[in-house]
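For reference, the chains in residue letters:
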Amino acid sequence: MPLTRKPRIAIMGEFSSGKSTLCNVLMGARPLLEKVTATQLPPVWLSYGPDDAYTMGLDGHAYDLDLAELEDVSLETTEHVRIFMKSDILRYCDLIDMPGISDPSMSSEVWERMTHLADGVLWCTHATQAWRQSESGVWSTFPQEMRRNSLLLVTRFDKIVGEKDRAKVIKRVEQETEDLFAKVFPVSLLQAMRAGGDEEKWIESGADDFTKALFEVIHRIVDEGDPEPGDAGKPAITPDPAEETEVGQSLIARTFERLMAIRNTPVIKIQPRRVEAKTERLLRTERPTAESGPTLVTFADHIVGTGDAMPLGRLKTS
């Protein structure tokens, strides 16, 4: 049955691998988001809407949160921070911005207790030291069924100079992560941020390719998802309507809207026109005379006892 809630995509990777920049690219840089990503926090769950932010405590209770007091959120007592914003990508899915898996100032328990909520992952790995053993070790603990709904982004790809070196990095990473992710994408997230509304620069950064792949992942999760308990019979989740004054302007929005239009266009199958099989036809093997008339050859006349076609020189004539 299709999913009745929005897919949840976690943003993960080692400390300083580009996760915060990716979050800015996906969401669109804005003052609130910059404050969120610049603060050491437990996982931040981002959803679409105008609702007030809150923290979910390890005691199972939700507590109101004044975003001006983000820096005071306790890592020891908080499972996650829930923030609602109006952003293009959040119309289609929720994002969970995880702390770095190798952050020396934070226990791995801080992000481990949230991984079960994710339907897929955008994993960032730094191009100059892509796919370290520590990353491989953590990813191996995730459910195998999550792999086909996860993408590996080789970030800061512009730091590698030379086409041969770039090709070598991607080849190695693809070999080492075979069957571990749906696909590997080299990308320069800073270039993507600076692209603004310039589609050519957006494509050059690599962001366009992984954005299209993310769209497919999101809709595969919806189509193949498992509904929440008690949601049986409910329709599949659909994107929130765009509000022109707040969303619908980014390149992600344009890409998603274009792909959604294609997805929703019914496929019309055109049947080839059926040609009636003829049982006989006219073949002129010699110029007819007034006495003989045209030469008539049937398909049956081609058949010899063995089933082979008779040579043209031996065609029977009537």
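Residues numbered from 1 in each chain as written. Predicted model: local features only at pLDDT ≥ 70, side-chain atom pairs only at ≥ 80, totals over all residues. Heavy atoms only, no water.

Draft legend 1. Structural view of the overall build of the chain. Secondary structure summary: the chain contains 9 helices and 11 strands in total. Across the 318 residues that make up the chain, the buried fraction comes to 46%. Of the contacts made within the chain by residues no fewer than 6 positions apart, 74% connect residues no fewer than 24 positions apart. Looking at the chain as shown, the accessible area adds up to about 18,100 Å², and 50% of this sits on carbon and sulfur atoms. (Helix = DSSP H or I, 4+ residues; strand = E, 2+ residues; numbered from the N terminus. Buried < 20%, exposed > 50% of the residue type's maximum accessible area, 1.4 Å probe, protein only. Contact = heavy atoms within 4.5 Å. Areas by Shrake-Rupley, 256 points an atom, 1.4 Å probe, with all protein chains shown as cover.)

Draft legend 2. Broad picture of the pairing of strand β1 (residues 8-13). β1 sits mainly inside the fold: 6 of its 6 residues count as buried. Neither face of β1 is open: one carries R8, A10 and M12, the other I9, I11 and G13, and all of them are buried. When β1 meets strand β6 (residues 94-97), the two strands line up parallel, connected through 4 bridges. Residue pairing across strands places A10 opposite I96, the latter belonging to β6. Alignment of β1 against strand β7 (residues 120-126), held across 5 bridges, turns out to be parallel. Each bridged residue has a counterpart across the sheet, and for I9 the counterpart in β7 is G120. (Pairing = 2+ DSSP bridges.)

Draft legend 3. Seen up close, helix α1 (residues 19-27). Within α1, 7 of the 9 residues are buried, leaving the element largely enclosed by the surrounding structure. For α1, the full list of buried residues reads K19, L22, C23, N24, V25, L26 and M27. Just downstream of α1, G28 is the residue with a positive phi angle, here 90 degrees.

Draft legend 4. Quick peek at the pairing of β7. Of all the 7 residues making up β7, 7 are buried; the element is thus mostly covered by neighbouring parts of the structure. Judged by which residues are buried, β7 turns out to be covered on both faces: G120, L122, C124 and H126 on one side and V121, W123 and T125 on the other are all buried. Here β7 runs beside strand β8 (residues 151-155); their pairing, made up of 5 bridges, is parallel. Counted as the bridge partner of T125 is V154 from β8.

Draft legend 5. The arrangement of the pattern of salt bridges in detail. Under the criterion given, the structure shown has 9 salt bridges. K212 serves as the salt-bridge partner of D208, at 3.1 Å between the closest nitrogen and oxygen. Here the residue D208 and the residue K212 both occupy positions in helix α8 (residues 207-224), the gap between them amounting to 4 residues, near one helical turn. Judged by its relative accessible area of 5%, D208 falls in the buried class. According to the relative accessible area criterion, K212 is partly exposed, its value standing at 34%. Its salt-bridge partner being R263, residue D223 comes within 2.9 Å of it at the nearest N-O pair. Linking D223 in helix α8 with R263 in helix α9 (residues 251-264), this pair joins segments that are 40 residues apart in sequence. (Salt bridge = Lys/Arg side-chain N within 4 Å of Asp/Glu carboxyl O.)

Draft legend 6. Expanded view of a negative patch on the surface. A contiguous patch of negative charge on the surface is contributed by D66, E69, E71 and D72. With respect to the helices and strands, the residue E71 is situated in the loop between β4 (62-64) and β5 (78-85). (Patch = residues over 30% accessible without salt bridge, like charges linked within 9 Å, V, L, I, M, F, W, Y side chains within 5 Å. Lys, Arg positive; Asp, Glu negative; His and termini not counted. Charge placed at Lys NZ, Arg CZ, Asp CG, Glu CD.)

Draft legend 7. The environment of R148, seen in detail. Within the fold, R148 resides in the loop between α4 (133-139) and β8. According to the relative accessible area criterion, R148 is partly exposed, its value standing at 42%. Contact partners of R148, with chain neighbours within four places excluded, come to A182, R220 and E224. Within the local environment of R148, its side chain forms a polar contact with the side chain of E224, the two groups lying 2.6 Å apart. (Polar contact = N/O pair within 3.5 Å; in protein donor to acceptor, adjacent residues only side chain to side chain.)

Draft legend 8. Broad picture of the sheet that holds β5. Strand order across the open sheet formed by 9 strands is β4-β3-β5-β2-β6-β1-β7-β8-β9, with mixed pairing between neighbours. On the outer flanks of this sheet lie β4 and β9 (183-186), each paired with one strand and no other. Averaged over all neighbouring strand pairs, the angle between strand axes comes to 25 degrees, with direction disregarded. The sheet contact formed by strand β2 (residues 44-48) and β5 spans 5 bridges and is parallel. Bridged to S47 within β5 is F84. On the sheet, α1 packs against β1, β2, β5, β6, β7 and β8 and is oriented at approximately 145 degrees with respect to β1. (Axes fitted to C-alpha atoms, helices over the stretch in contact; angles between N-to-C directions.)

Draft legend 9. Here's a closer look at the packing of aromatic side chains. Tallying each qualifying case throughout the model produces 8 aromatic pairs. Geometrically, the ring pair formed by W123 and W131 is edge-to-face, given 6.0 Å between the ring centres and 70 degrees between the ring planes. W123 gets classed as buried once you look at its relative accessible area, which sits at 0%. With a relative accessible area of 6%, W131 lands in the buried category. With 5.5 Å between their ring centres and 85 degrees between their planes, W131 and F181 make a pair best called edge-to-face. With W131 in the loop between β7 and α4 and F181 in the loop between α5 (163-176) and β9, this pair connects stretches of sequence that are 50 residues apart. Members of the aromatic cluster, joined through ring pairs, are W123, W131, W139, F142 and F181. (Phe/Tyr/Trp six-rings, centres within 6.5 Å; stacked < 30°, edge-to-face > 60°.)

Note that every value here comes from positions in space, so none of it alone points to a role or purpose.
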